[in-house]
Amino acid sequence: NWSLPITFELHNNESISEADGRVVLMPNPAHDWLEISTREAVHHVEIYAVDGRMVDQFKVEGVQVRRSLEGYAPGEYVVRVVTEKGVLTRKLIVR
């Protein structure tokens, strides 16, 4: 079930990391598209509005993915990147 309530606490431009590893979001702030790069293979990505609502979810094969942000309202989002070794969480700003 993917509809579990999630609470995020973000301070300024800090990143929250739930596992060892690294994930890079480019560009950030983003407008039309987002590129996600990691050191380890990604299983899937979840994107949440700061109110905890899931706005996107997609499977990934490899360590890099480019995703259109068409339809995203300007604002702050939380990107959860699920890898074989754990979950990496970052803040995304869409303009």
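Residues numbered from 1 in each chain as written. Predicted model: local features only at pLDDT ≥ 70, side-chain atom pairs only at ≥ 80, totals over all residues. Heavy atoms only, no water.

### Comments concerning the pairing of strand β8 (residues 86-94)
The test is simple: Buried residues are those whose accessible area, probed at 1.4 Å on protein chains only, stays under 20% of the maximum for their type, while exposed residues exceed 50% and partly exposed ones sit between those limits. Numbering of helices and strands starts at the N terminus; helices are DSSP runs of H or I of at least 4 residues and strands are runs of E of at least 2. In short, DSSP must find at least two bridges between two strands for them to pair.
Most of β8 sits out of view: eight of its nine residues are buried. Hairpin connection of strand β7 (residues 75-83) to β8: two residues between the antiparallel strands.

### Observations regarding the confidence of the model for the protein chain
What counts here: The score called pLDDT rates the predictor's confidence residue by residue, from a low of 0 to a high of 100. By definition, residues are in contact when any of their heavy atoms lie within 4.5 Å.
Mean pLDDT for the protein chain: 83, with 78% of residues reaching 70 or above. Here residues 1-21 is modelled with pLDDT under 50, and outside its nearest four sequence neighbours on either side it reaches 38 contacts, counting other chains as well.

### Focus: the pairing of strand β4 (residues 42-49)
Burial runs high along β4: seven of the eight residues are buried. Judged from the seven bridges that link them, β4 and β7 form a sheet pairing that is antiparallel. Opposite tyrosine 48, over in β7, you have valine 78 as the bridge partner. Across five bridges, β4 lies against strand β5 (residues 54-59) in antiparallel orientation. Paired with tyrosine 48 across the strands is methionine 54, a residue of β5. Taking the residues that link successive antiparallel strands as the turn, the β4-β5 hairpin has four residues, and the phi of glycine 52 there is positive, at about 95°.

### Considerations on the sheet that holds strand β2 (residues 23-26)
The criterion, for reference: Note on geometry: axes are C-alpha line fits, over the in-contact stretch for helices, and angles between N-to-C directions span 0 to 180 degrees.
Strand order across the open sheet formed by three strands is β2-β3-β6, with antiparallel pairing between neighbours. Both outer strands of the open sheet, β2 and β6 (64-68), are each paired with one neighbouring strand and no more. Sheet twist, expressed as the average angle between the axes of neighbouring strands with direction ignored, equals 15°. Of the pairings in the sheet, the one linking β2 to strand β3 (residues 33-38) comprises four bridges and is antiparallel in character. Across the sheet, residue methionine 26 finds its bridge partner in β3, namely glutamate 35.

### With respect to the pattern of salt bridges
Opposite charge on two side chains allows them to pair when their charged atoms are near. Rules: Any carboxyl oxygen of Asp or Glu that lies within 4 Å of a side-chain nitrogen of Lys or Arg is treated as forming a salt bridge with it.
Scanning the entire structure with this criterion turns up four salt bridges. The partner of aspartate 56 in a salt bridge is arginine 67, with the nearest N and O atoms 3.1 Å apart. Of the two residues, aspartate 56 is situated in strand β5 and arginine 67 in strand β6; the sequence distance between them amounts to 11 residues. Judged by relative accessible area, arginine 67 falls into the partly exposed class, the value being 27%. Among the ionic pairs, lysine 91 bridges to glutamate 76, the shortest N-O distance being 3.6 Å. Here lysine 91, found in strand β8, pairs with glutamate 76, found in strand β7; they are 15 residues apart in sequence, far enough to count as distant.

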